[in-house]
Amino acid sequence: MSLSSFSKYSRAIIYMHWFMLFLIVGTYLFIEFRVIFPKGTDARTLMKVAHFSLGLTVLLCVSIRVYLKLSAQQPNSHLSFAARLGHVGLYFYLMIMPILGWLVVSAEGKEVTFYFFTLPPLIAENADLAHDIEEWHEILGELGYWLIGGHALMALYHHYFKNDPTFRRMIP
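The paragraphs below set out a description of the structure included in this document. (Residues numbered from 1 in each chain as written. Predicted model: local features only at pLDDT ≥ 70, side-chain atom pairs only at ≥ 80, totals over all residues. Heavy atoms only, no water.)

1. Examining the environment of R11
Position of R11 relative to the elements: it lies in helix α1 (residues 11–33). Looking at R11, the relative accessible area reads 63%, which means it is exposed. Once the C-alpha coordinates of R11 and R169 are considered, the two residues, 158 residues apart in sequence, prove to be 10 Å apart. (Helix = DSSP H or I, 4+ residues; strand = E, 2+ residues; numbered from the N terminus. Buried < 20%, exposed > 50% of the residue type's maximum accessible area, 1.4 Å probe, protein only.)

2. A closer look at the layout of surface pockets
Volume-wise, the second largest pocket comes out at about 810 Å³. Residue lining of the second largest pocket: 32 residues in total, with I31, H51, F52, H137 and E138 positioned closest to the centre. Of all the secondary-structure elements, those providing two or more residues to the lining of the second largest pocket are α1, α2 (42–71), α3 (81–107) and α4 (127–160). Here the element with the most residues in the lining of the second largest pocket is α3; it accounts for eight residues. Among the residues forming the lining of the second largest pocket, the class breakdown is 15 nonpolar, seven polar and 10 charged. (1 Å grid on protein atoms, 1.4 Å probe; cavity = no way out; pocket = protein on both sides within 12 Å on 5 of 7 lines; lining within 4 Å. Points joined across faces, edges and corners; volume = space filled by probe spheres on them. Nonpolar A, V, L, I, M, F, W, Y, C, P; charged D, E, K, R; others polar.)

3. With respect to α4
Taking 1.5 Å of rise per residue, 34 residues should cover 50 Å, and α4 covers 49 Å from first to last C-alpha, within 8% of that figure. Remark: the principal bend of α4, roughly 25°, maps to L143. All of the buried residues in α4 are A130, I133, H137, L140, G141, G144, A155 and H158. Looking at the buried residues of α4, the elements they touch are α1, α2 and α3. (Expected span 1.5 Å × (residues − 1). Bend = angle between axes of the 7 residues up to and from the residue. Contact = heavy atoms within 4.5 Å.)

4. As for the packing of α2 against α3
Remark: α2 packs on α3, axes separated minimally by 9 Å, with the N-to-C direction vectors making an angle of 145°. For the pair α2 and α3, the crossing hand works out as left-handed. Residues F52, G55, L56, V58, L59, V62, R65, V66 and K69 of α2 form the contact with α3, whose participating residues are Y91, L94, M95, P98, I99, W102 and V105. Here the contact of α2 with α3 is composed, by residue class, of 13 nonpolar, one polar and two charged. (Axes fitted to C-alpha atoms, helices over the stretch in contact; angles between N-to-C directions. Left-handed = near helix turned anticlockwise from the far one by under 90°.)

5. Quick look at a negative patch on the surface
Residues E32, D128, D132, E134, E135, E138 and E142 make up a contiguous surface patch of negative charge. With six residues, the top contributor of residues to the negative patch is α4. Summarising the element assignment, E134 is placed in helix α4. On the basis of relative accessible area, E134 is assigned to the partly exposed category, the value being 30%. (Patch = residues over 30% accessible without salt bridge, like charges linked within 9 Å, V, L, I, M, F, W, Y side chains within 5 Å. Areas by Shrake-Rupley, 256 points an atom, 1.4 Å probe, with all protein chains shown as cover. Salt bridge = Lys/Arg side-chain N within 4 Å of Asp/Glu carboxyl O. Lys, Arg positive; Asp, Glu negative; His and termini not counted. Charge placed at Lys NZ, Arg CZ, Asp CG, Glu CD.)

Worth remembering: the numbers are spatial, not functional.
Below, the structure written as structure tokens:
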């Protein structure tokens, strides 16, 4: 099948998709590698602030992405129910994770830093609630590896085994 025989997503959606992947990888890397630095050090704090900032950027980008997806004409696609469910799951995950992170930091009574700005807390300080929300944030963070990995594997499966244009629709 030639590239011209199928429709692609808009440039905005394609670039937003790959930019969000970059942000998500960065978000995970900063939080995973923070343990290299001792607690209380500036370097560890910087890693956490970078994690928060990139996570909140994901929230902004997924909001734009959902708007673009709902308002733009989509390529002809016969996505299965499972594929649609997977996409909804990814969008939900990408929205809920930054909100949970913001809730955790708020409940811990710490400043919520978004790059050079301090955001207002979403809830009052509550150590027990912070612990509970943080557990959910971590559990969903682990689930995110599976969601994102499954999404990538399905795209590769469609490309290499089904020989359909699913993957190529997202290539700039």
